[in-house]
Every structure is written in C-alpha cells, then in structure tokens.
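Breakdown of the fold
Here's the letter readout for the chains.
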Amino acid sequence: MKLYTYHRSSAAYLVRIAMQLKGLAPEMVYVNLLEGAHRQEGYTSVNPAGLVPSLEVGTVLTQSLAIIEYLEETHPTPPLLPNTPLERARVRAIAQGIACEIHPLNNLRVLKYLQGVLGVNDADKNAWYQHWIRTGFTAIETMLQEEHTGTFCHGDTPTLADICLVPQVSNAQRFKCDLTEFPTILRVHAACEQHPAFIAARPENQKDAA
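What comes next concerns the included structure. (Residues numbered from 1 in each chain as written. Predicted model: local features only at pLDDT ≥ 70, side-chain atom pairs only at ≥ 80, totals over all residues. Heavy atoms only, no water.)

Re the pairing of strand 1 (residues 2-5)
Pairing of strand 1 with strand 2 (residues 27-30), which is carried by four bridges, proceeds in the parallel orientation. From the neighbouring strand, Thr5 faces strand 2, where its bridge partner is Tyr30. Crossover handedness for the path strand 1 to helix 1 (residues 10-21) to strand 2: right-handed. (Pairing = 2+ DSSP bridges. Helix = DSSP H or I, 4+ residues; strand = E, 2+ residues; numbered from the N terminus. Right-handed = clockwise from strand over helix to strand, strands pointing away.)

Focus on the pattern of salt bridges
For the structure on display, the rule yields five salt bridges. Of the charged contacts in the structure, one is a salt bridge between Glu69 and Arg92, with a shortest N-O distance of 3.3 Å. On the criterion of sequence distance, the pair formed by Glu69 in helix 3 (residues 64-74) and Arg92 in helix 4 (residues 85-106) is long-range, its members being 23 residues apart. Judged by relative accessible area, Arg92 falls into the partly exposed class, the value being 27%. For Arg90, the salt bridge identified is with Glu146, shortest N-O distance 2.7 Å. One end of the pair, Arg90, is in helix 4; the other, Glu146, is in the loop between helix 6 (122-143) and helix 7 (160-174), with 56 residues separating them in the sequence. Relative accessible area serves as the criterion here: at 9%, Arg90 is assigned to the buried category. (Salt bridge = Lys/Arg side-chain N within 4 Å of Asp/Glu carboxyl O. Buried < 20%, exposed > 50% of the residue type's maximum accessible area, 1.4 Å probe, protein only.)

Examining the sheet that holds strand 1
Strand order in the open sheet formed by four strands is 2-1-3-4, and the pairing between neighbours is mixed. At either end of the open sheet lies a strand with only one pairing partner, and these are strand 2 and strand 4 (60-62). The average angle at which neighbouring strand axes cross in this sheet is 20°, direction not considered. In this fold helix 1 packs onto strand 1, strand 2 and strand 3 (54-56), with an angle of close to 145° to the strand it touches most, strand 1. Along the sheet, helix 3 makes contact with strand 3 and strand 4, crossing strand 4 at roughly 120°. (Axes fitted to C-alpha atoms, helices over the stretch in contact; angles between N-to-C directions. Contact = heavy atoms within 4.5 Å.)

Some thoughts on unusual backbone geometry
Val52 connects to Pro53 through a cis peptide bond whose omega is 10°. Between Thr77 and Pro78 the backbone carries a cis peptide bond, its omega angle lying at -10°. Relative to the elements of secondary structure, Pro78 occurs in the loop between helix 3 and helix 4. Positioned with a positive phi, Gln63 is a non-glycine residue whose angle comes to about 70°. If you trace the backbone, Gln63 turns up in the loop between strand 4 and helix 3. In the Ramachandran plot, Lys176 falls in the positive-phi region, its phi being about 60° despite a non-glycine side chain. Examined against the element boundaries, Lys176 turns out to sit in the loop between helix 7 and helix 8 (183-192). What makes Lys176 exposed here is its relative accessible area of 71%.

Focus: the side chain of Thr5
Structurally, the position occupied by Thr5 is in strand 1. On the basis of relative accessibility, which here comes to 0%, the residue Thr5 falls in the buried class.

Section: the nonpolar core
Counting residues in each nonpolar core, the largest one holds 48 residues, and the members touching the most others are Ile17, Ile68, Ile133, Phe137, Ile163, Leu179 and Ile185. For this core, the secondary structure elements donating two or more residues are helix 1, helix 3, helix 4, helix 5 (108-116), helix 6, helix 7, helix 8 and helix 9 (196-201). Element by element, the count of residues in this core is highest for helix 7, at eight residues. Residues within four places of Ile163 in sequence aside, it is in contact with Leu14, Ile17, Ala18, Leu21, Ile68, Leu80 and Phe198. (Core = buried A, V, L, I, M, F, W, Y, C linked by side-chain atoms within 4.5 Å.)

Describing helix 3
Looking only at helix 3, the buried set comprises Ser64, Ile67, Ile68, Leu71 and Glu72. Taken down its axis, helix 3 places every buried residue within 140° of arc, on the same side. Where helix 3 is buried, its residues touch helix 1, strand 3, strand 4 and helix 7. (Arc of directions from axis to C-beta.)

Description of the environment of Leu80
You can see Leu80 is positioned in the loop between helix 3 and helix 4. Along the primary structure Leu80 and Leu21 are separated by 59 residues, whereas in three dimensions their C-alpha atoms are 8.6 Å apart.

Below, the structure written as structure tokens:
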C-alpha cells in the first residue's frame, strides 16, 4: 500500500487521518504541490488529474472520499460510519457538506487561479476564502445541533464527518477566519485534536513538512 501525499493538502490529510484511525501504515510518497511535482509526468502517470492523494493498492485509487470508503470496506475495524442507514446518511451529509461544498471553492488551485489568472489581490482572495468558510460552516454548525452529536460529530467516537471537519477547520484558522460563531465545530475540533490518530496525521507531523 503506497500513499501519494503532501503535508498541506487537505484531501491527503483526510486519508492520513483515516489510515491512522485504522492503524494502517502505508509507504508514503511525498508530492510537493508548491514545486509543481503533481504536474510532472512522473506523477501524472500515476494520477492523470495531477491531484493528491492517490493510493496504490495494485491499482491506483484517487479522490479522498472514495479512498476512505475503500479503506472502510477492506479494513472495517474500527468503523468510520455508524450502524444504521439513517445515521450513516447523517455522517455522510456532514462529510460531503465540507468535502464537496466548502473545500472545492477554497483549495490551492482555485486560490492560485484567482490571483494568477484573474488578478485578485490578497485582501479579496482572503475575503473569498472567508465567505465560503462562513457559508459552509453556518450549515455544518446547524447540523451539529442535533442530538446525535456527542464528543465528536456523531456520537463519542470519530467518524468520516470528523475526518473531513478537522482539515477544514485547520485551514480556516490558517487563513485567520473568525470561527467564534461556530462553538460546536470548535468543540468537536478540539476533541479531535487530542486524539492520537489526528495528531499523527497533522501536516506539521509529516516528513515532508518544512
């Protein structure tokens, strides 16, 4: 099992958390996005989209949520999804609300396009980022007001929802977003940050972190 990753990639961060929770230790291949390694032939031959993460397991899997679903099916213990269909749907809705609604608008290639092609200045780029964080987190905060929320997004053990939440909160903090209006998100994030699997997966704890 070989994971192509980059320490600051939110999508790769998701997969690292899932692997840590499941006790998996893949070979790590570091792809430096800032240096453009993801666009070089050596990597596009692995993943034609030029994105991380990619997981090599005889064949190559791409897209973080698809990779995590694969890990859930092949390494079911501990589970990252609850037992009942309704609960699984809730966890997936929270996870996709982050991974599919917030992250695509604020990832590195979008921000670089805003500045490099459209000529957006730093202040307007940050305003863009903060707007979509606030819009997305307002919905997630409301979802977390439900009774199923416990120490974590769903109950008292980490799920796919927490895996998606933590990298997005960390990025929002890095971009100096004011998150004080999202107390439940911050409480769940703080609980995750004390968990050994989340600690091991942090960007600053990766060998390619500089």
